[in-house]
Amino acid sequence: MSVHADVARRRVEELLRAHEEQAVRRWAEIAKASPEELGEIYQALLSVLDEGRDDFADVRGLLADLSRSRARAGYAPADTARAVFGLKEALYEVVEADTDGVEAARGFIWFSRLIDDLGLFTFETYADAREKIILDQAEQLLELSTPVVKLWENIVAVPLVGTLDSARTQVVMEKLLQTLVDTGAEHAVIDITGVPAVDTQVAQHLLKTVVAARLMGAECIISGIRPQIAHTIVTLGIEFGDIVTKASLADALAHAFRRSGFQVSGGGGAHVAIRAERV
Amino acid sequence: MSDDRNMADDRNMADDQNMAIASSADVVGVRRLVRSVALEVGLSLVDQTKIVTAASELARNALVYAGGGDVRVETVRNGARRGLKLTVSDDGPGIPDIDQALSDGWTTGTGLGLGLGGSRRLVDEFDLASAPGKGTTVTVTKWAR
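Report follows, based on the coordinates. (Residues numbered from 1 in each chain as written. Chains lettered and ligands numbered in written order. Predicted model: local features only at pLDDT ≥ 70, side-chain atom pairs only at ≥ 80, totals over all residues.)

## A word on the sheet that holds strand E3 (residues 81-90) of chain B
Residues and elements named next belong to chain B.
Link 1 in the chain: Spatial ordering of the open sheet is given by E1-E2-E3-E5-E4, a layout of five strands whose pairing is antiparallel. Looking at the sheet topology across the chains shown, the edges are occupied by strand E1 (16-21) and strand E4 (125-130). This sheet shows a mean twist of 15° between the axes of neighbouring strands, independent of strand direction.
Link 2 in the chain: Relative to strand E5 (residues 136-143), E4 is paired through six bridges, and the arrangement is antiparallel. Opposite Ser-130, over in E5, you have Thr-136 as the bridge partner.
Link 3 in the chain: Most of the contacts of helix H3 (residues 45-66) go to E3, to which it runs at about 10°, and overall it touches E1, strand E2 (69-78), E3 and E5. (Pairing = 2+ DSSP bridges. Helix = DSSP H or I, 4+ residues; strand = E, 2+ residues; numbered from the N terminus. Axes fitted to C-alpha atoms, helices over the stretch in contact; angles between N-to-C directions. Contact = placed C-beta atoms within 7 Å.)

Printed below as a string of structure tokens:
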């Protein structure tokens, strides 16, 4: 650091110390924040400058707290950054009134750059926090979105909702195969009513899952094939071979009932059985 | 005056949307984008699903075989008919034999080998430009009925 810069920096420190009360009050006004909170950051900043260090860890820690508490209070990250930038304006008023104009102005440029960095740091803190929330949610979604439900004795179903990518299919397949082991079920229904589009990758994942289930001695039925999906699959040229597919989960259940020799009698149940025979 | 200009810019943005494909999450993004434009253009549910599926195949091809690429979605007009035009381009190794690449069951990867040929059947207009070392550009259009 050149001598000039050093002198300028010291001048800013002196000004910050001498006009602490005024600067903090003005800063709080501009930033629309409490003087106590900002005063603490101001103190931390002063002590770093005082000792001539370039380590702003304490200041960053306080700014991270500020960023978090303001984010919780519903402020946009830009508001928080702008609040930090407010210190420049507060200091500028002090610099303007200073008699030793040149040094103070030079120091102000240096200080301004420092505050820019610190302001952007609050932005980064905000983005990091967001990133973490998104990651957590993605994980939760992966867990949540793949339940294996028992429909009947020996019959399990996996209702798939949303986009099927490799990671999710892996989870679905593992869960389904494990459930087959745990329950000894002989029929598994994979329902894709909630899958918006079936492309070749999704189809391939489904086919692999069915083959894997078969290897374990279970028969798989794919249900929830809506007209637009059927159209697309045919046009793409995907063949499901001898895999049983049904339009609805009810049809699939009826098919599984028939294959396992269950007789359904009574009002609503009879209706299901009749539909199954028509297929 | 500046307001007028902003409005014109907005209209351009709505007619022509670009997206980069760099991960499989982007393929999902492309699907979502194409679906929203297809809905706006007035494609039927079956045609929406077809163009979304074609977009998914082409975007994934760019990702798998070229490591990524760019997608451009435009709304086009032919008289009173509206349509969706999708361009997927990449700077990958290119396709040496286009006829072979379009034939069903042919793949150099691990998929079913139906994506490219299937996409051609899913859309109304299909154009593929590619040469070894020159990358690949696929342009498809689906018209509202």
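Moving on from the coordinates now.
## Considering the interface of chain A and chain B
It is common to report an interface's size as the accessible area lost on association of the parts.
Link 1 in the chain: Between chain A and chain B, the residue contacts involve 17 residues of the former and 20 residues of the latter.
Link 2 in the chain: Contributing elements (two or more residues each) for the side of chain A that touches chain B: helix H8 (200-215) and helix H9 (227-236) of chain A.
Link 3 in the chain: Considering every element that reaches the side of chain A that touches chain B, the biggest residue donor is H9 of chain A, with seven residues.
Link 4 in the chain: Of the residues that constitute the side of chain A that touches chain B, the class distribution is six nonpolar, nine polar and two charged. (Nonpolar A, V, L, I, M, F, W, Y, C, P; charged D, E, K, R; others polar.)

## What about the sheet that holds strand E3 (residues 187-194) of chain A?
All names here are of chain A.
Link 1 in the chain: What the five strands build is an open sheet, ordered E1-E2-E3-E4-E5; its pairing is mixed. Two strands in the sheet have a free side with no partner beyond their single neighbour: strand E1 (149-152) and strand E5 (244-246). Ignoring strand direction, the axes of neighbouring strands in this sheet form an average angle of 30°.
Link 2 in the chain: When E3 meets strand E4 (residues 219-223), the two strands line up parallel, connected through five bridges. When the sheet's bridge partners are listed, Asp-191 is paired in E4 with Ser-223.
Link 3 in the chain: Contacts from helix H7 (residues 166-183) reach E1, strand E2 (155-161) and E3 within the one sheet, and its direction differs from that of E2 by about 165°.
Link 4 in the chain: On the sheet, H8 packs against E3 and E4 and is oriented at approximately 155° with respect to E4.

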